[in-house]
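This is what each chain is made of:
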Amino acid sequence: MQIIRTITELQRRRRDISAAARVAFVPTMGALHAGHGRLVQLARQAAGPDGCVIASIFVNPKQFGPGEDFASYPRPFAEDARLLRQWRADILFAPTEREMYPEAAAPANSSPDPAGYRDPLGDVLEGKIRPGHFRGVCAVVARLLALVQPNVLILGQKDYQQQLILRRMIREMNFPVDVLTAPTIREPDGLAMSSRNRRLTPRERPAAAVVYRALCQAKDEILNGRREVKHLIEEMTGSISAAGLEVQYALPCHADTLAEFAGVVNDRCVLLVAARLGATRLIDNVVVPRE
Ligand code: PAF
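All values reported here derive from a predicted model rather than from experimental measurement.

### A few points about the sheet that holds strand 7 (residues 246–254)
By definition, the strands of a sheet pair up through backbone hydrogen bonds, in either a parallel or an antiparallel sense. On the basis of which strands lie adjacent, the open sheet formed by three strands has the order 7-8-9 and antiparallel pairing. Either end of the sheet is taken by a strand with one partner, and the two such strands are strand 7 and strand 9 (280–288). Sheet twist, expressed as the mean angle between neighbouring strand axes with direction ignored, is 10°. Sheet topology places strand 7 next to strand 8 (residues 269–277); eight bridges connect them, and they run antiparallel. In the sheet register, leucine 251 faces strand 8, and the bridge partner there is leucine 272. Along the sheet face, helix 9 (residues 210–223) touches strand 8 and strand 9 and points at about 20° away from the line of strand 9.

Okay, here's the thing in structure tokens:
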């Protein structure tokens, strides 16, 4: 696996990849775990034996709000590179902040962000709690797509809202790339794998599994015909709070539009939860098919 630090080198390497080869891309912020392993595995399949799998590691400052964990976000680079090699990525692009955002060093407004994509879905749920977060995600992913020029982009279902927004940005900005969303990989007790889980203390860790249990319970209720939104919200919030977590949201939304249901769930839905457990924020989701 080749490690590339600069845009110039990435562009040079990208030109050397045959036009016939499929390039699959996995953007990450590092602190990799088995969930990322699944994304790289999917990328490997999508690229095929003669294709190229490119992963990136960049902790993107634009998607962190003031007071969020940008400075303390884990950055175990050597271990991440080892895992990517083991998962058979071909290229790791790991730029510096200055390389990705050279304009940050220039006078204000001298270099407006060409990728100022703003999706209305970016202001609800995660976007409401983390204002500007999805603008930052879109800004970095648009730049990465322009540089890497992949045929296929691999995203994780764990960040459900993110993958919906990025899919829409890609459509509206006409990036010629297919998007694959990989299922969430879970610990044996159901906790969705996440780079931030390493912050959970040994006392907190068992309680974290309640999020997935509550999602599964709500899914079963819907499939068994209990579809009242109020009931589902109360059930999920009640069981997650009872385990000592602070619920930020726990609700069913339309799986394609994230619109809230009026009264009853009457279409394909995604159950979404965000909750705080000590210093750690957990998000998770489960999709419930329309019967
Ligand atoms: O999901 C993530 O890890 C990040 O939001 C992404 C897509 C790599 C953009 O920084």
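Text resumes after the structure shown.
### Focus on the pattern of salt bridges
Side chains that differ in sign of charge can pair as their charged atoms come close. Considering all chains together, one arrives at 16 salt bridges under this definition. With its nearest N and O atoms 2.6 Å apart, the salt bridge here joins arginine 168 to aspartate 119. Separated by 49 residues along the polypeptide, arginine 168 in helix 7 (residues 160–172) and aspartate 119 in the loop between helix 4 (97–100) and helix 5 (126–129) bring together distant segments of the chain. Residue arginine 205 pairs with aspartate 189 through a salt bridge whose shortest N-O separation is 2.8 Å. With arginine 205 in helix 8 (residues 205–208) and aspartate 189 in the loop between strand 6 (178–182) and helix 8, this pair connects stretches of sequence that are 16 residues apart. You can call arginine 205 partly exposed: its relative accessible area is 24%. Taking the relative accessible area as the measure of exposure, aspartate 189 reaches 32% and is therefore partly exposed. Several salt bridges converge on common partners, so that one network encompasses Asp69, Arg196 and Arg199.

### A closer look at the confidence of the model for the chain
Mean pLDDT for the chain: 95, with 96% of residues reaching 70 or above. When the criterion is pLDDT under 50, residues 108–112 qualifies, and its contacts beyond four places in sequence or with other chains add up to one contact.

### Section: the site of the ligand
Around the ligand, the neighbouring residues are Pro27, Thr28, Met29, Asn60, Gln63, Val140, Asp159 and Gln162. A distance of 2.6 Å separates an oxygen atom of the ligand from a polar side-chain atom of glutamine 63. Glutamine 162 is positioned such that a nitrogen or oxygen atom in its side chain is 2.7 Å from an oxygen atom of the ligand. For the ligand, whose free accessible area comes to 290 Å², the fraction covered by protein is 87%. Residue classes in the shell around the ligand are distributed as three nonpolar, four polar and one charged.

### Focus: the pairing of strand 2 (residues 23–28)
Extensive coverage of strand 2 is indicated by the burial of six of its six residues. Going residue by residue along strand 2, you find Val23, Phe25 and Pro27 tucked away on one face and Ala24, Val26 and Thr28 tucked away on the opposite face as well. Relative to strand 3 (residues 52–57), strand 2 runs parallel, the two sharing six bridges. Within strand 3, the position partnered with valine 26 by the bridge is alanine 55. Remark: the strand 2/helix 2 (residues 34–47)/strand 3 crossover connection has right-handed handedness. As defined by bridge partners, strand 2 adjoins strand 5 (residues 152–156) across two bridges and the pair is classed as parallel. Within strand 5, the residue paired with alanine 24 across the bridge is valine 152.

Calculation criteria
- Residues numbered from 1 in each chain as written.
- Predicted model: local features only at pLDDT ≥ 70, side-chain atom pairs only at ≥ 80, totals over all residues.
- Heavy atoms only, no water.
- Pairing = 2+ DSSP bridges.
- Helix = DSSP H or I, 4+ residues; strand = E, 2+ residues; numbered from the N terminus.
- Axes fitted to C-alpha atoms, helices over the stretch in contact; angles between N-to-C directions.
- Contact = heavy atoms within 4.5 Å.
- Salt bridge = Lys/Arg side-chain N within 4 Å of Asp/Glu carboxyl O.
- Buried < 20%, exposed > 50% of the residue type's maximum accessible area, 1.4 Å probe, protein only.
- pLDDT = per-residue confidence, 0-100.
- Near = heavy atom within 4 Å.
- Polar contact = N/O pair within 3.5 Å; in protein donor to acceptor, adjacent residues only side chain to side chain.
- Areas by Shrake-Rupley, 256 points an atom, 1.4 Å probe, with all protein chains shown as cover.
- Nonpolar A, V, L, I, M, F, W, Y, C, P; charged D, E, K, R; others polar.
- Right-handed = clockwise from strand over helix to strand, strands pointing away.

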